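Chain residues, written in single-letter form:
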Amino acid sequence: MKKWTAVLAAIALMLPQTAMGAVWKDEASAADETAMEVISEEASEEASEEEGDGAFAGEQTVVDNDACKIVVTGLDPEGLWGYDVDVYLENKSEDVKYTYTLEYAAVNGLEMMTFMSEEVAAGKKANSNFTLDTDDLEEAGLTVDDVTDITLNFRVYDSDDWSADDAANETVHIYPNGKSEAVKYEREPQDTDIVLMDTGDFSVTVTRCYVDDIWGYTAELYLVNNTDQEVLFNAENVSVNGFMIDPYWATTAHPGCCIYSTMSWDSDDFESNGITDVEEIELELSVMNSSTWDDLYQNTLTFEPAPLAEG
């Protein structure tokens with residue numbers, strides 16, 4: 001039953017040459033060798049770009065199969081709303097309309113909120129883009145100059161038949177300055193942190209608590225997933241000062257990523273239970289594989305929140 005509750009929470013909450021004498025033959029051979037070297041270098045560079053080994057050089061093909069193609073055509077750190085990423089979308093099908101989505105994005109391994117969804121008719125093309133919010137970067141202590149590794153998960157599916165197999169579902173990396181310059185995000189621990197759990201594979205840290213004008217009492221969490229699995233963090237049987245009050249919370253963390261999340265309680269629930277100061281929060285924390293729903297971690301944890309921070 002707990003697994004199905006978590007499932008529902010997750011849903012609520014993406015050319016030969018002819019020789020003409022010995023001299024001409026030698027020159028032709030030399031020319032052929034030079035041409036082959038150039039072709040080999042170009043092929044090597046293309047493969048390097050496809051694998052994400054080199055610095056981004058204006059465009060990078062990230063998906064290219066019989067059904068569809070996706071090319072990242074530009075990066076603009078100084079976009080109007082943030083760090084802009086431009087993409088070219090191509091539908092190679094003769095009779096299927098595809099929807100192109102960005103399921104998730106991460107900067108240096110830190111998951112970011114962003115959105116892209118485009119429908120492309122059979123045989124057609126489109127240009128689109130999405131933005132990595134610079135406000136989110138700043139809240140994490142990053143600037144656009146700190147962006148060294150952009151992880152993108154693209155999914156392409158039949159717009160009219162959601163039961164059909166995906167035309168593509170690929171996770172790729174864009175390295176603005178080259179793979180060798182990529183740096184993984186690490187949050188600087190604070191004296192006020194409350195580490196709820198840290199198994200090496202997963203960790204959950206309460207970074208601060210505050211009252212949000214809309215969502216009510218809120219605990220900000222920093223979650224880390226060091227595995228190669230997509231996992232769901234979930235809380236059940238939650239009590240505040242001994243009163244059972246369920247918060248709004250369930251968060252997915254993708255392979256090798258970390259993410260900031262918020263766990264919130266409705267102000268009316270606090271008021272109806274006479275809670276004015278939060279003295280203790282107890283919860284049953286679970287981590288499970290998002291695909292198989294296998295339990296990876298489960299434990300009952302208790303913590304005493306630090307004094308309220310400004311919202």
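Please refer to the structure higher up on the page.
Being a predicted model, the structure only gives us computed values, none of them experimental.

### Considerations on the overall build of the protein chain
Phase 1: The number of helices and strands found in the protein chain is 4 helices and 18 strands.
Phase 2: For the protein chain, the accessible surface area stands at approximately 17500 Å², while carbon and sulfur atoms represent 47% of it.

### Focus on a nonpolar patch on the surface
Phase 1: A cluster of nonpolar residues, Ile 214, Trp 215 and Tyr 248, forms a patch on the protein surface that exposes about 400 Å² of accessible area.
Phase 2: Looking at the element boundaries, Ile 214 is found in the loop between strand 11 (202-212) and strand 12 (216-225).

### Comments concerning the sheet that holds strand 1 (residues 60-64)
Phase 1: Taking strand neighbours across the sheet as the criterion, the 4 strands line up as 1-2-3-7 in an open arrangement whose pairing is antiparallel. At either end of the open sheet lies a strand with only one pairing partner, and these are strand 1 and strand 7 (125-133). Mean inter-strand twist for the sheet, computed between neighbouring axes without regard to direction, equals 25°.
Phase 2: Across 8 bridges, strand 2 (residues 68-76) lies against strand 3 (residues 82-91) in antiparallel orientation. Note that in strand 3 the partner of Val 72 across the bridge is Val 87.

### Some remarks on the pairing of strand 12
Put simply, side chains in a regular strand alternate between the two faces of the sheet.
Phase 1: The buried count for strand 12 comes to 10 of 10 residues, which makes it a mostly enclosed element.
Phase 2: Sheet topology note: the strand 11/strand 12 ladder contains 10 bridges and is antiparallel. Directly across from Ser 203, in strand 12, lies its bridge partner Val 224.
Phase 3: The hairpin turn running from strand 11 into strand 12, its antiparallel successor, is 3 residues long.
Phase 4: When strand 12 meets strand 16 (residues 258-265), the two strands line up antiparallel, connected through 8 bridges. Among the inter-strand pairings, Tyr 222 is bridged to a residue of strand 16, identified as Tyr 260.

### Re the packing of aromatic side chains
Phase 1: Here the structure, examined in full by the defined rule, presents 8 aromatic pairs.
Phase 2: Relative to Trp 162, the ring of Tyr 157 has its centre 6.5 Å away and its plane inclined at 90°; by these criteria the two rings are edge-to-face.
Phase 3: The buried category is assigned to Tyr 157, whose relative accessible area is 15%.
Phase 4: On the accessibility criterion, Trp 162 (67% relative accessible area) is exposed.
Phase 5: Their ring planes at 40° and their centres at 5.0 Å tell us that Tyr 222 and Tyr 260 sit as a pair that is tilted. Pair noted here: Tyr 222 is in strand 12 and Tyr 260 is in strand 16, with a separation of 38 residues, a long-range link.
Phase 6: Under the relative-accessibility criterion, Tyr 222 is labelled buried at 8%.

### Quick notes on the side chain of Thr 99
Phase 1: Here Thr 99 is to be found in strand 4 (residues 98-107).
Phase 2: Note on Thr 99: relative accessible area 4%, which makes it buried.
Phase 3: Separated by 2.6 Å, the side chains of Thr 99 and Ser 159 make a polar contact.
Phase 4: Among residues more than four places away in sequence, those in contact with Thr 99 are Ser 117, Glu 118, Glu 119, Arg 155, Val 156, Tyr 157 and Ser 159.

### Structural notes on a negative patch on the surface
Phase 1: Where like charges cluster on the molecular surface, the negative patch consists of Asp 76, Glu 78, Asp 86, Asp 145 and Asp 146.
Phase 2: Locating Asp 145 in the fold gives a position in the loop between helix 3 (134-139) and strand 8 (150-158).

### A few points about the side chain of Asn 108
Phase 1: Positionally, Asn 108 belongs in the loop between strand 4 and strand 5 (110-112).
Phase 2: Polar side-chain contacts of Asn 108 include one of 3.0 Å to the backbone nitrogen of Thr 148.
Phase 3: The residues touching Asn 108, leaving out its near neighbours within four places in the chain, are Asp 146, Val 147, Thr 148, Asp 149, Val 183, Lys 184 and Tyr 185.

Criteria and thresholds
Residues numbered from 1 in each chain as written. Predicted model: local features only at pLDDT ≥ 70, side-chain atom pairs only at ≥ 80, totals over all residues. Heavy atoms only, no water. Helix = DSSP H or I, 4+ residues; strand = E, 2+ residues; numbered from the N terminus. Areas by Shrake-Rupley, 256 points an atom, 1.4 Å probe, with all protein chains shown as cover. Patch = residues over 30% accessible without salt bridge, like charges linked within 9 Å, V, L, I, M, F, W, Y side chains within 5 Å. Salt bridge = Lys/Arg side-chain N within 4 Å of Asp/Glu carboxyl O. Pairing = 2+ DSSP bridges. Axes fitted to C-alpha atoms, helices over the stretch in contact; angles between N-to-C directions. Buried < 20%, exposed > 50% of the residue type's maximum accessible area, 1.4 Å probe, protein only. Phe/Tyr/Trp six-rings, centres within 6.5 Å; stacked < 30°, edge-to-face > 60°. Polar contact = N/O pair within 3.5 Å; in protein donor to acceptor, adjacent residues only side chain to side chain. Contact = heavy atoms within 4.5 Å. Lys, Arg positive; Asp, Glu negative; His and termini not counted. Charge placed at Lys NZ, Arg CZ, Asp CG, Glu CD.

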